[in-house]
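Next come the chains, spelled out residue by residue.
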Amino acid sequence: MSTENLPQSPQQPPRKPRVAVVFGGRSSEHGISVVTAGAVLRAIDRTKYDVLPIGITRDGRWALTADEPERMAITERRTPSVEELAESSEGGVVLPVDPANREVVYSEPGSVPKALGEVDVVFPVLHGPYGEDGTLQGLLELSGVPYVGAGVLASAVGQDKEYMKRVFTSFGLKVGPYVVIRPREWQRDESAARKKIVDFAGEHGWPLFVKPARAGSSIGITKVDDLSGLDEAIAEAQSHDPKILVEAALRGREIECGVLEFEDGPRASVPAEIPPPQEHAYYDFEAKYIDSTPGIVPAPLTPEETAEVQKLAVDAFDAASCEGLVRADFFLTEDGEFVINEINTLPGFTPISMYPQMWEKSGISYPELVSRLIEAALRRSTGLR
């Protein structure tokens, strides 16, 4: 029987790739992650992508949230939370753990689970432990779901400032003097661990910067000018991470540079300079996010200095086996040498953050930057690569 005269069903339009924006999390950087998610949600091209916002509460519950980026901003000097945005106080989102199935499911107690559809790529905007440190990346690798940004190893290296510095040193990048106090050292002999820091100060001088070894957004960091402030600084850092890092102060200019993965490999942005904030002892959380101390973009460097820091930023990206994006932070010392301080595999990503600003001045707008990162993630497979 001929089918020529039978009515033809209309062709279904191709499905747009679905992006799950995952934000919040269990770290002390929860609020900044929510702010970042709001900016990303505003910027995603809805003509190209469908979007599913998923927030992780401070206690680790994966919550379905409304797609309302206007509620994800800093107001009255306080950051928002996933708990304020969740559609339910009990419902939970579950990612698949079967690489052959990318369907996300939402369930509430006493209700039939609801399928939310397949996810093609995850855009994680989690900062700090339980998200930026390779833990989420490992889950996504098991699930077979592509994701934006660094893989498991690079994320872990980028989160742990001690091992980051060890990797950089092994690749010939210069780092500043530092000492690490691990939890067992402190538990075994607190006075000996404290003496280790005092001896370090005796060798390198005051001030020192006492930091959580595995945190970001300048949270938990204290500038210590003398011995009297050391104990309080240690306690503050340990409240965020039992492993602490102590760094000698470096005299020089703070220079940052963005790295973005293109089809032909990573490229560096124009660099930026972070001037000393007027109302803060250093570029801390308040200066960075609350008072929004402006950076200078592009940094007033010579062409030779610009080329050098751009090369070093890409070298750091490659040294840690990064993917997607990185912000590399340096000191340009008084003798003209660049010393790498750290990398961020998921840097601050609000429109006022330095990473997007550097790429804006390099010719890539914030929405285009978001699209490029999603496209790069969709090009990559999960697993060994």
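A short tour of the structure in this document, coming up. (Residues numbered from 1 in each chain as written. Predicted model: local features only at pLDDT ≥ 70, side-chain atom pairs only at ≥ 80, totals over all residues. Heavy atoms only, no water.)

### Side note on the pattern of salt bridges
(1) Moving on: Taken as a whole and judged by the stated rule, the model has 29 salt bridges.
(2) Moving on: R15 serves as the salt-bridge partner of E118, at 3.7 Å between the closest nitrogen and oxygen. With E118 in strand β6 (residues 114-118) and R15 in the segment before β1 (18-24), the pair connects residues that are 103 residues apart, well separated along the chain.
(3) Moving on: A residue is classified by how much of its surface remains accessible, and E118, at 38% relative accessible area, is partly exposed.
(4) Moving on: Residue classification places R15 among the partly exposed positions, given a relative accessible area of 49%.
(5) Moving on: With a shortest N-O distance of 3.2 Å, E368 and R372 are connected by a salt bridge. (Salt bridge = Lys/Arg side-chain N within 4 Å of Asp/Glu carboxyl O. Helix = DSSP H or I, 4+ residues; strand = E, 2+ residues; numbered from the N terminus. Buried < 20%, exposed > 50% of the residue type's maximum accessible area, 1.4 Å probe, protein only.)

### Some words on helix α1 (residues 30-43)
(1) Moving on: Between its first and last C-alpha atoms α1 spans 20 Å; for 14 residues at 1.5 Å apiece the expected length is 20 Å, and the two agree.
(2) Moving on: The buried count for α1 comes to 13 of 14 residues, which makes it a mostly enclosed element. (Expected span 1.5 Å × (residues − 1).)

### Concerning the environment of I374
(1) Moving on: The topology assignment puts I374 in helix α12 (residues 366-379).
(2) Moving on: By relative accessible area, I374 is classed as buried at 0%.
(3) Moving on: C-alpha of I374 to C-alpha of A201: the two residues are 173 residues apart in sequence and 45 Å apart in space.

### A few points about the sheet that holds strand β9 (residues 208-212)
(1) Moving on: Strands sit in the order β8-β11-β9-β10 across an open sheet of 4 strands; the sheet is antiparallel. The sheet is open, and its two edges are formed by β8 (178-181) and β10 (222-224), each paired on a single side. Pairwise comparison of adjacent strand axes, ignoring direction, gives a mean angle of 25° for this sheet. (Pairing = 2+ DSSP bridges. Axes fitted to C-alpha atoms, helices over the stretch in contact; angles between N-to-C directions.)

### A short note on the side chain of T350
(1) Moving on: Here T350 lies in the loop between β16 (338-344) and α11 (354-361).
(2) Moving on: Here T350 falls in the buried class, since its relative accessible area comes to 8%.
(3) Moving on: At 2.8 Å, the side chain of T350 and the side chain of S353 are in polar contact.
(4) Moving on: Other than its neighbours up to four places away in sequence, T350 contacts V35, T36, A39, P356 and Y366. (Polar contact = N/O pair within 3.5 Å; in protein donor to acceptor, adjacent residues only side chain to side chain. Contact = heavy atoms within 4.5 Å.)

### A closer look at the packing of aromatic side chains
(1) Moving on: Applying the stated criterion across every chain, the model contains 5 aromatic pairs.
(2) Moving on: The interplanar angle of 55° and the centroid separation of 6.0 Å between the aromatic rings of F262 and W359 together place this pair among those described as tilted. One end of the pair, F262, is in strand β12 (residues 252-262); the other, W359, is in helix α11, and 97 residues separate them in sequence.
(3) Moving on: Residue classification places W359 among the buried positions, given a relative accessible area of 3%.
(4) Moving on: Feature note: the residues F123, F349, Y355 and Y366 constitute an aromatic cluster, connected by ring pairs.
(5) Moving on: Sitting above the plane of the Y178 ring, K165 keeps its charged end 5.6 Å from the centroid. (Phe/Tyr/Trp six-rings, centres within 6.5 Å; stacked < 30°, edge-to-face > 60°. Lys NZ or Arg CZ within 6 Å of the ring centre and 35° of its normal.)

### Some remarks on the sheet that holds β1
(1) Moving on: The sheet built from 4 strands is open, its strands ordered β3-β2-β1-β7 with mixed pairing. Either end of the sheet is taken by a strand with one partner, and the two such strands are β3 (62-64) and β7 (121-124). In this sheet, neighbouring strand axes are inclined to one another by 30° on average, regardless of whether the strands run parallel or antiparallel.
(2) Moving on: Relative to β3, strand β2 (residues 50-56) is paired through 3 bridges, and the arrangement is antiparallel. Its bridge partner lying in β3, I56 is registered against W62.

### Things to note about empty space enclosed by the protein
A water-sized probe, rolled over the atoms, reveals where empty space remains.
(1) Moving on: By the definition in use, this model includes 4 cavities of 30 Å³ or more.
(2) Moving on: Here the largest cavity defines a volume of roughly 90 Å³.
(3) Moving on: Taken together, the residues of the lining of the largest cavity sort by class into 6 nonpolar, 5 polar and 1 charged.
(4) Moving on: For the second largest cavity, the calculated volume is near 60 Å³. (1 Å grid on protein atoms, 1.4 Å probe; cavity = no way out; pocket = protein on both sides within 12 Å on 5 of 7 lines; lining within 4 Å. Points joined across faces, edges and corners; volume = space filled by probe spheres on them. Nonpolar A, V, L, I, M, F, W, Y, C, P; charged D, E, K, R; others polar.)

### A word on the nonpolar core
(1) Moving on: Core analysis: the biggest nonpolar cluster contains 34 residues, and V21, F123 and F349 have the highest contact counts within it.
(2) Moving on: Mapped by element, the contributors of at least two residues to this core are β1, α1, α2 (82-85), β7, β12, α11 and α12.
(3) Moving on: Ignoring sequence-local partners within four residues, the contact set of F123 consists of V19, A20, V21, V22, V40, V148, F349, V370, L373 and I374.
(4) Moving on: In terms of nonpolar packing, the next biggest core, distinct from the first, is built from 29 residues, C322, A328, F338 and I343 among them. (Core = buried A, V, L, I, M, F, W, Y, C linked by side-chain atoms within 4.5 Å.)

### Considerations on the environment of A43
(1) Moving on: Assignment of secondary structure puts A43 in helix α1.
(2) Moving on: Not counting chain neighbours up to four residues away, the residues in contact with A43 comprise Y366, P367 and V370.

### Things to note about the packing of helix α4 (residues 152-159) against helix α5 (residues 161-170)
(1) Moving on: Put simply, α4 and α5 touch, their axes get as near as 5 Å, and they point 110° apart. Between α4 and α5, the interaxial angle falls into the category roughly perpendicular. Mapping the contact onto sequence places V157, G158 and Q159 in α4 and K161, Y163, M164 and V167 in α5.
(2) Moving on: In terms of residue class, the contact of α4 with α5 is made up of 4 nonpolar, 2 polar and 1 charged. (Parallel < 35°, antiparallel > 145°, perpendicular 65-115°, else oblique.)

### Focus on the packing of α1 against α12
(1) Moving on: Where α1 meets α12, the axes come as close as 9 Å, and the angle between the chain directions of the two elements is 90°. What the angle tells us is that α1 and α12 run roughly perpendicular. Facing α1, whose interface residues are T36, A39, V40 and A43, α12 presents Y366, P367 and V370.
(2) Moving on: Grouping the amino acids of the contact of α1 with α12 by side-chain chemistry returns 6 nonpolar, 1 polar and no charged.

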